[in-house]
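So the chains spell out like this:
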Amino acid sequence: MKAMILKQPQQRLQPSDVGTPSIEANEVLVEVEACGVCRTDLHILDGELKNAKLPLIPGHEIVGKIVQLGKVVKGFKEGQRVGVPWLAYTCGKCSFCLNGQENLCDNAIFTGYTKNGGYGEYVVANENYCFAVPDKFDSISLAPLLCAGLIGWRSYRLAGDFKRLGMYGFGGAAHILTQIAHAQGKEIYAFTRPGDEKGQKFARQLGAVWAGDSTQAPPHPLDASIIFAPAGPLVLTALKSLRKGGAIICGGIHMSDIPAIPYDLLWGERIIRSVANLTREDARTFFETVERVPLKTSVTEYKLENANEALDDLRATRFEGAAVLSIRP
Ligand SMILES: [Zn+2]
Ligand SMILES: [Zn+2]
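Residues numbered from 1 in each chain as written. Chains lettered and ligands numbered in written order. Predicted model: local features only at pLDDT ≥ 70, side-chain atom pairs only at ≥ 80, totals over all residues. Heavy atoms only, no water.

A separate point is the coordination of the zinc ion (ligand 1). Only C91 (SG), C94 (SG), C97 (SG) and C105 (SG) from the protein reach the zinc ion (ligand 1) as donors, at distances of 2.3 to 2.4 Å. Geometry at the zinc ion (ligand 1) is tetrahedral, judged from the four donor atoms that bind it and their angles of 102 to 119° at the metal. Site description for the zinc ion (ligand 1): donor spacing in sequence, C-x2-C-x2-C-x7-C. Neither C97 nor C105 differs from the other in exposure class; each is buried. (Donors = N, O, S within 2.8 Å, 3.2 Å for Na, K, Ca; no water. Tetrahedral: all angles 85-135°; square planar, octahedral: opposite > 155°, others 65-115°. Buried < 20%, exposed > 50% of the residue type's maximum accessible area, 1.4 Å probe, protein only.)

This part covers the pattern of salt bridges. Scanning all chains against the criterion turns up 13 salt bridges. For E102, the salt bridge is made with R280, and the minimal N-O distance between the two is 2.8 Å. In this pair, E102 is assigned in the loop between helix 2 (95–98) and strand 7 (109–110) and R280 in helix 9 (residues 280–292), connecting sequence segments 178 residues apart. Overall, R280 belongs to the partly exposed group, its relative accessible area being 33%. A salt bridge links R154 to D282; its shortest N-O distance comes to 2.8 Å. (Salt bridge = Lys/Arg side-chain N within 4 Å of Asp/Glu carboxyl O. Helix = DSSP H or I, 4+ residues; strand = E, 2+ residues; numbered from the N terminus.)

Quick look at the layout of surface pockets now. Of the voids in this model, the second largest pocket is the one considered here, and its volume is about 160 Å³. For the second largest pocket, the full set of lining residues is M1, V18, G19, P21, I57, K115, N116, G117, Y122, V123 and V124. (1 Å grid on protein atoms, 1.4 Å probe; cavity = no way out; pocket = protein on both sides within 12 Å on 5 of 7 lines; lining within 4 Å. Points joined across faces, edges and corners; volume = space filled by probe spheres on them.)

Grouped together as the largest cluster of nonpolar side chains are 100 residues, with contacts concentrated most on Y119, L145, L165, F286 and L325. Counting residues per element, this core draws most heavily on strand 3 (residues 27–37), which supplies seven residues. Ignoring sequence-local partners within four residues, the contact set of F286 consists of L145, G149, L150, W153, I176 and I180. Of all hydrophobic cores here, the second largest spans 17 residues; its members include Y189, L234, C250 and L265. (Core = buried A, V, L, I, M, F, W, Y, C linked by side-chain atoms within 4.5 Å. Contact = heavy atoms within 4.5 Å.)

The six strands lie next to each other as 12-11-10-13-14-15, forming an open sheet whose pairing is parallel. A strand with exactly one partner marks an edge of an open sheet, and here the two such strands are strand 12 (210–213) and strand 15 (271–274). Ignoring strand direction, the axes of neighbouring strands in this sheet form an average angle of 20°. Note that strand 10 (residues 164–168) and strand 13 (residues 222–227) share four bridges and pair parallel. Bridging across to strand 13, Y168 finds its partner in I227. Helix 5 (residues 172–183) contacts strand 10, strand 11 (187–192) and strand 13 of the sheet and is inclined by roughly 170° relative to strand 10. (Pairing = 2+ DSSP bridges. Axes fitted to C-alpha atoms, helices over the stretch in contact; angles between N-to-C directions.)

Below, the structure is given as structure tokens:
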């Protein structure tokens, strides 16, 4: 099968022809139709996330059709369309798994990071960690929901009970969450890179009540903010506009250092927390919500062999919304 392969961090992906993988009894073989390109892929490529399996087929926002079922697979049929997310396996035995926090599992395996992902024609998934996906989206539009949507949703839920929510970094996740938040009667305040008027216009079109530069203060204090951009200084910026008792959620897997925080800014029971991975329960509630709200993903499509270009464009913010590799349309 054709695949784009990372041989070493800080190198370009190599177009390669590799054997189609075989499956275990509890796995399914998925013919990949679409795979989203996520900022986490950049952190893996750059070597900011350690311990990647090498060589690696990246990609963890996968939509495709099941073409082969393992011997004991019960939950799926051949030909069925499924989504394969970042969380590929958890042990079910560690204290986190036993406490409903499988996203923190000590022995977790991650798609497109510690096992091969969707930048290729086929991917193997454990039947317990992939799921049926809503019919109302084609595979290309659906792919960004598998991480930007899902982990964005976990961030959104951890932001607590809010009316006014800030989002720093208006990319794949923010463009999905803004539509959900708008449908739920929340107010979104979108912060982009300074001078990114196109991005701000895009945010307002999707329902943000206010959009501006990350250097600007919003017109009111905010109840919570999610930071998607991997820039630590934004934590300090966001705290300055956060009301007492509010929360700052860092939604990315990697971030540059956070500068020293004057205690006055944190005082008043303000919270700063990170979000790690997802649970299958997040996926269940997310897709339930997605079925009920009007949602349209904004997608720029690339061919599999142009994955490097898609990653370059993501790094340089050259598109709105999300990038998706179209693999078998
Ligand atoms: Zn575990
Ligand atoms: Zn991701």
